[in-house]
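Here is what each chain is made of, one letter per residue.
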Amino acid sequence: MKKLILPGCILFWAMAGLAIAQSQGQLLTSFGPGPSTAAFHEINGLFTGDWQQYGQLFTSLQANIFSQIFLLVVTVVPLIFFLHYIIIGPMKFSHEGRQIYYFNLLSRCIHWCAAISFALLVITGLLTIFGSLVGGGVLLRSGRTVHLISAVTFSGSALFMLFIWAKDMIIAPYDFLWMLKIGGYLSKENKTVPAGRFNAGQKSWFWLATLGGTVMAVTGYFLYSFQGNTDTLRLSAIIHNFLGAAMVTVFIIHLYMSLFAIKGAIRSMISGYKPEAELKILHPRFKI
Amino acid sequence: MGRMKFLCDIERCIDCSGCVVACKEGHHIPVGVNRRRVITINQGKPGEKSISVSCMHCADAPCIAVCPTDAIYQRDDGIVLVSKDTCIGCGYCFMACPFGAPQFPSGQVFGARGAMDKCTFCAGGPEETFSVKEQKLYGQNRIAEGKVPLCAAMCATKALLAGDADEVADVYRERVFKRGSGTNAWGWDKAYKKK
């Protein structure tokens with residue numbers, strides 16, 4: 001037995017030495033100096049990632065484009081309507097005669113819930129976009145809280161609106177005709193325009209508010225909670241701003257239509273009644 | 001006036017995270033906020049390298065460009081600072097920053113983010129220098145005391161350099177000359193593989 005130990009040890013060390021010698025070349029040279037630039041290249045990939053893809057896009061959009069778009073929306077759109085009011089003037093209908101029950105109490109309640117929360121969303125949203133003019137701070141931090149609460153309220157109301165109005169809002173062939181005539185708002189005479197219970201303008205506003213509102217809610221959730229990776233947040237911010245500009249535009253249109261363009265139109269959303277004279281011209285396909 | 005800069009020598013950084021601890025402890029930074037972090041590549045493998053990252057105090061900083069409230073500003077010496085009283089925590093600076101420097105404390109009303117917190121180059125903030133409010137919101141103001149930032153001051157291997165850009169560049173250039181590069185570089189080959 002003793003005779004075997006010595007040759008066994010020699011064999012073991014010889015094998016081990018051979019194995020080390022074989023791996024040594026590869027092992028030791030790989031600890032040698034690699035170029036720092038290659039390491040920096042790898043590090044850059046880790047901590048800046050694909051910044052050029054969406055980071056740069058978001059930065060350039062937010063730095064210049066978004067605030068300018070919103071500035072255009074809140075100045076040019078009202079200016080166009082001001083000129084429309086002066087040159088063409090509002091539509092006038094006799095509020096005497098037969099009154100038709102148009103909006104029931106539930107739909108009016110839902111409408112005003114959505115209207116107030118949406119108005120708050122627009123105001124606080126615009127305040128944030130033009131935050132440097134307000135000076136930031138406590139006012140805008142509370143604005144963000146109001147934006148959140150309004151967003152939740154509006155999401156609920158928009159869901160209800162979808163339930164009570166969706167079937168009246170289905171797009172029909174005559175809606176394109178209405179769009180071509182721009183609803184008759186460019187003529188001084190009261191001519192009949194093709195529309196059912198809701199006209200094409202109201203339908204676009206409805207679908208933008210509900211479907212667009214869903215997109216706003218999802219992107220807004222990402223922006224508020226900071227869930228998801230940085231690129232998701234960047235894309236959310238881009239979508240939220242562009243879609244927001246579109247919604248603010250149509251919101252101003254809606255305000256103008258109900259408050260100024262058709263005299264007394266807002267009364268139908270308060271009392272629920274519309275004059276028959278108005279319906280015959282603006283909603284001829286509505287079955288009384 | 002000089003221009004302040006950080007430089008991390010990746011040939012020296014050993015991933016001890018001393019800079020992270022020094023910064024967090026020295027400025028009493030809240031839980032969940034890291035003004036500085038260490039990134040390691042090829043961990044446990046040949047060619048392992050580490051780098052300590054915080055705010056780069058960029059020239060033409062993207063965070064300043066996107067801030068909707070103009071809460072972020074740059075000093076004449078290049079240090080980028082934030083006014084926490086103006087910041088509304090919208091998070092746009094985080095999305096614009098390539099380095100993930102802006103951090104946000106959580107736990108506000110409705111789960112909102114608090115005001116942005118990031119590396120100040122140990123230069124405090126817009127409040128009065130050495131005031132209690134400045135200390136509370138932004139941490140120490142070592143630049144006003146004539147000291148380098150905490151992280152660089154305590155770096156054991158002196159991998160992290162901070163200060164005037166020209167000085168930092170001089171120190172780094174001398175190091176690179178001394179240790180060489182490529183086949184002349186220090187390392188195993190030079191020590192043991194003499195021809």
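A brief structural summary. (Residues numbered from 1 in each chain as written. Chains lettered and ligands numbered in written order. Predicted model: local features only at pLDDT ≥ 70, side-chain atom pairs only at ≥ 80, totals over all residues. Heavy atoms only, no water.)

### A few points about the packing of aromatic side chains
Right, so step 1: Applying the stated criterion to the full structure yields 20 aromatic pairs over all chains.
Right, so step 2: Aromatic side chains Phe81 of chain A and Tyr256 of chain A sit 4.4 Å apart centroid to centroid with 10 degrees between the ring planes, which places their arrangement in the stacked category. Taken together, the positions of Phe81 of chain A in helix α3 (residues 51-87) and Tyr256 of chain A in helix α9 (residues 230-261) put the pair 175 residues apart, joining distant regions of the chain.
Right, so step 3: Overall, the relative accessible area of 14% leaves Phe81 of chain A in the buried class.
Right, so step 4: Tyr256 of chain A sits in the buried class, given a relative accessible area of 6%.
Right, so step 5: Between the aromatic rings of Tyr102 of chain A and Phe103 of chain A, the centroid separation amounts to 5.0 Å while the plane-to-plane angle is 85 degrees, which identifies the pairing as edge-to-face.
Right, so step 6: Its relative accessible area of 3% is what places Tyr102 of chain A among the buried residues.
Right, so step 7: The rings of Phe81, Tyr85, Tyr256 and Phe260 of chain A are connected pair by pair, giving a single aromatic cluster.
Right, so step 8: Between the NZ or CZ atom of Arg113 of chain B and the centre of the ring of Phe226 of chain A, over which it lies, the distance is 3.8 Å.
Right, so step 9: In this structure, Arg113 of chain B packs its charged tip against the face of Phe104 of chain B, placed 5.7 Å from the ring centre. (Phe/Tyr/Trp six-rings, centres within 6.5 Å; stacked < 30°, edge-to-face > 60°. Helix = DSSP H or I, 4+ residues; strand = E, 2+ residues; numbered from the N terminus. Buried < 20%, exposed > 50% of the residue type's maximum accessible area, 1.4 Å probe, protein only. Lys NZ or Arg CZ within 6 Å of the ring centre and 35° of its normal.)

### Some remarks on the nonpolar core
Right, so step 1: Counting residues in each nonpolar core, the largest one holds 46 residues, and the members touching the most others are Phe118, Phe154, Met161, Trp165, Ile262 and Leu282 of chain A.
Right, so step 2: Those elements that provide at least two residues to this core are α3, α4 (105-129), α6 (138-165), α8 (200-225), α9 and α11 (276-282) of chain A.
Right, so step 3: Counting residues per element, this core draws most heavily on α9 of chain A, which supplies eight residues.
Right, so step 4: In terms of nonpolar packing, the next biggest core, distinct from the first, is built from 31 residues, Phe6, Ile51, Phe99 and Leu160 of chain B among them. (Core = buried A, V, L, I, M, F, W, Y, C linked by side-chain atoms within 4.5 Å.)

### Digging into the environment of Ser50 of chain B
All names here are of chain B.
Right, so step 1: Structurally, Ser50 is set in strand β3 (residues 49-53).
Right, so step 2: Classification of Ser50 as buried rests on a relative accessible area of 2%.
Right, so step 3: Separated by 39 residues in sequence, Ser50 and Glu11 have C-alpha atoms that sit 8.1 Å apart.
Right, so step 4: When neighbours within four sequence positions are excluded, Ser50 is seen to be in contact with Ile10, Cys13, Asp15, Val38, Ile39 and Thr40.
Right, so step 5: Within the structure, the side chain of Ser50 is placed 3.0 Å from the side chain of Thr40, a separation counted as a polar contact. (Contact = heavy atoms within 4.5 Å. Polar contact = N/O pair within 3.5 Å; in protein donor to acceptor, adjacent residues only side chain to side chain.)

### Quick notes on the interface of chain A and chain B
Right, so step 1: Each partner contributes residues to the interface: chain A has 42 residues there, and chain B has 47 residues.
Right, so step 2: When the two sides are added together, the surface that chain A and chain B hide from each other amounts to roughly 3,600 Å², 66% of it contributed by carbon and sulfur.
Right, so step 3: Connecting chain A to chain B are zero salt bridges.
Right, so step 4: The interface formed by chain A and chain B contains 14 residue pairs in polar contact (both at pLDDT 80 or more).
Right, so step 5: Counting residues per element, the ones that place at least two in the side of chain A that touches chain B are α1 (2-30), α2 (36-47), α3, α4, α5 (131-134), α6, α8 and α9 of chain A.
Right, so step 6: Top element by residues in the side of chain A that touches chain B is α2 of chain A. It accounts for seven residues. (Buried area = accessible area lost by both parts, 1.4 Å probe. Salt bridge = Lys/Arg side-chain N within 4 Å of Asp/Glu carboxyl O.)

### So, the environment of Ala61 of chain B
Residue and element names in this part refer to chain B.
Right, so step 1: One can find Ala61 in the loop between β3 and α2 (62-66).
Right, so step 2: On the basis of relative accessibility, which here comes to 4%, the residue Ala61 falls in the buried class.
Right, so step 3: As a C-alpha pair, Ala61 and Val21 span 40 residues in sequence and 26 Å in three-dimensional space.

Shape is all these values report; function is a separate question.
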